[in-house]
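Survey of secondary and tertiary structure
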Amino acid sequence: MFTYKPLWKQLIDKDMSKTDLRNKTGISMGTLATMGKDEYVAMSVLDRICNELNCDINEVIEHKKNDNI
């Protein structure tokens, strides 16, 4: 399973809101909602976020082992 918790921490650290991120990257409200549920988004979205925040992918998303498999 993947989680976007590192992204939410980045926003807090940079004193940015989700709306700020959306406005700067051009991602939709629906995409942000999808990320809020830790669901799949396109790599192009993650690329835009990494470029805007000047960070690596591991500072946006992380993998958590699913013990149910």
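Before reading further, recall that the structure is shown in the block above.
A brief structural summary.

Conventions we followed
- Residue positions within a chain follow its written sequence, with the count starting from 1.
- Given that this is a predicted model, residues contribute local features only at a pLDDT of at least 70 and side-chain atom pairs are listed and counted only at 80 or more, while totals for whole chains, interfaces and linings are drawn from all residues.
- Excluded from the side-chain calculation are hydrogens and water; included are all heavy atoms of the structure.
- Numbered from the N terminus, helices here are DSSP runs of H or I no shorter than four residues, and strands are runs of E no shorter than two.
- With C-alpha atoms as the basis for the radius of gyration, the globule rule is written as 2.2 Å multiplied by the number of residues raised to the power 0.38.
- Only protein chains enter the area calculation, which uses a 1.4 Å probe; residues under 20% of their type maximum are buried, those over 50% are exposed, and those in between are partly exposed.

A tally of helices and strands in the protein yields 4 helices and 2 strands. The secondary structure elements of the protein, listed N-terminal to C-terminal, are β-α-α-α-α-β. Relative to the compact-globule value of 11 Å for 69 residues, the protein shows a C-alpha radius of gyration of 12 Å, a close match. Dimensions along the principal axes, computed over C-alpha positions, put the protein at roughly 40 × 25 × 20 Å.

Here the focus is the environment of M29. Inspection of the secondary structure puts M29 in helix 3 (residues 29–36). On a C-alpha basis, the gap between M29 and K18 in space is 9.1 Å, while along the polypeptide they are 11 residues apart.

To continue, consider unusual backbone geometry. For D15, which is not glycine, the phi torsion reads 55° and is therefore positive. Backbone geometry at N54 places phi at a positive 55°, although glycine is not the residue there. Along the chain, N54 falls in the loop between helix 4 (43–53) and strand 2 (62–63). Looking at N54, the relative accessible area reads 70%, which means it is exposed.

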